Amino acid sequence: MIKYMKPMNNNEISAVEKIFTKGNWYHTFEFNELRSHGTFDYSEKIENLKIPNLSGMSVLDVGCSDGYFSYYFKDKLKAKKVLGIDYNQYDGSVNFDVLNNFMEEQSNKHRSHNDYSVLKEAYSVLGLNDSNKFNFIKKIFNLDIEFKKASIYNLEDLDNFDVTFCGSLLEHLRDPLTAIEQLYFKTKEFCIIDVSNPFNRLNILQLPILKYSGASGHFYRLSENATKLMMEKIGFKNVQIISKYKIKNLKHGNMQKHFVIYGEK
Ligand SMILES: C[S@@+](CC[C@H](N)C(=O)[O-])C[C@H]1O[C@@H](n2cnc3c(N)ncnc32)[C@H](O)[C@@H]1O
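## Observations concerning the overall build of the protein
Next, step 1: For the protein, the count of helices and strands is seven helices and 13 strands.
Next, step 2: The C-alpha radius of gyration computed for the protein amounts to 18 Å, which stays within 12% of the reference 18 Å derived for 265 residues, consistent with globular compactness.
Next, step 3: C-alpha extents for the protein along the principal axes are approximately 60 × 45 × 35 Å.
Next, step 4: Sequence-distant contacts, at least 24 apart, represent 62% of the contacts inside the protein between residues at least 6 apart.

Now the structure itself:
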């Protein structure tokens, strides 16, 4: 699906190969014959999200990680401008909300996820000085998308965008309500939120449930109705579920459920 676009010398090609094959990836990307070993491979799933055409629109991708969705918005859905933001500092520090009690466990996990110390030379051949995969894919695929370090809890300094998108982040936050409100302030047309591991056992009752998960890197399992109610109370209109899908977590082998919810300004 994804092609090699930018002319490179042999050194650069070998650096790219190293980062693809030995790096730590959240999503599966394809580069010539190479595939990154992502936790999630969206290549057969991405259309299932039913994200509308973004032609001519500006998009803010909040919690963009390696830029898989930013790339999709720009390349396939024809967005005019895409800014990806993420709280990741790319120094091995913890990039998620964590209770103090879990900090040590999470610090060890996050440190081990940062591939910069192992691949520093390869990154520097490409003129990159940290392990930010968004900037890596931007560079090798020659993409007109931008990255900024920022937290969903404070989007004040950013421009407003026609579309805001937040994928698989809400459930990791200790305060999803403030996060949705921040998205609302930045949205000019509509907002799309993809929620993973929802609470859906009592879907039939349509209860607005946030079930505390007790896990170290995960706060709440949100029901569809909880997310809908939060979006509506914050001010979004015409709030609706636009799709549901399942995707395999390739690290742990389990299927994860998702729903995708849409709201207009
Ligand atoms: C589970 S990943 C989801 C990546 C991608 N959006 C997707 O849908 O596959 C969550 C991302 O949110 C980022 N993140 C965590 N807390 C954040 C915060 N407070 N503000 C912005 N990004 C955050 C993490 O660094 C991580 O890259």
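## What to know about the sheet that holds strand S9 (residues 187-196)
Hydrogen bonds between backbone groups are what pair the strands of a sheet, and the pairing can be parallel or antiparallel.
Next, step 1: Strand order in this open sheet of seven strands is S7-S6-S5-S8-S9-S13-S12, and the pairing throughout is mixed. This sheet does not close on itself; its edge strands, each paired only once, are strand S7 (146-149) and strand S12 (237-248). Strand after strand, the sheet turns through a mean of 20° between neighbouring axes, direction not considered.
Next, step 2: Relative to strand S13 (residues 255-264), S9 is paired through seven bridges, and the arrangement is antiparallel.

## Points about the site of the ligand
Next, step 1: Close to the ligand lie 19 residues; Gly-63, Ser-65, Tyr-87, Asn-95 and Gly-167 are nearest.
Next, step 2: Per-class residue counts for the shell around the ligand are nine nonpolar, eight polar and two charged.

## Considerations on the nonpolar core
Next, step 1: Core analysis: the biggest nonpolar cluster contains 58 residues, and Val-59, Val-62, Phe-165, Cys-166 and Leu-170 have the highest contact counts within it.
Next, step 2: It is helix H2 (residues 68-75) that provides the largest number of residues to this core, a total of five residues.

## Notes on unusual backbone geometry
Next, step 1: Unusually for a residue other than glycine, Lys-50 sits at a positive phi of about 55°.
Next, step 2: Looking at the element boundaries, Lys-50 is found in the loop between strand S4 (38-40) and strand S5 (58-62).
Next, step 3: Notably, Lys-78 is not glycine yet its phi reads approximately 65°, a positive angle.
Next, step 4: With respect to the helices and strands, the residue Lys-78 is situated in the loop between H2 and strand S6 (81-86).

## Some thoughts on the pairing of S6
Next, step 1: Across five bridges, the pairing between S5 and S6 is parallel. Looking at the pairing, Ser-58 lines up with Lys-81 of S6.
Next, step 2: Where the polypeptide runs from S5 across H2 and back to S6, its parallel neighbour, the crossover connection is right-handed.

Rules used throughout
Residues numbered from 1 in each chain as written. Predicted model: local features only at pLDDT ≥ 70, side-chain atom pairs only at ≥ 80, totals over all residues. Helix = DSSP H or I, 4+ residues; strand = E, 2+ residues; numbered from the N terminus. Rg over C-alpha atoms; globule rule 2.2 N^0.38 Å. Contact = placed C-beta atoms within 7 Å. Pairing = 2+ DSSP bridges. Axes fitted to C-alpha atoms, helices over the stretch in contact; angles between N-to-C directions. Near = placed C-beta within 6 Å. Nonpolar A, V, L, I, M, F, W, Y, C, P; charged D, E, K, R; others polar. Core = buried A, V, L, I, M, F, W, Y, C linked by C-beta atoms within 7 Å. Buried ≥ 20, exposed ≤ 12 C-beta atoms within 10 Å, placed from the backbone. Right-handed = clockwise from strand over helix to strand, strands pointing away.

Limitation: the analysis is restricted to geometry and does not speak to function.
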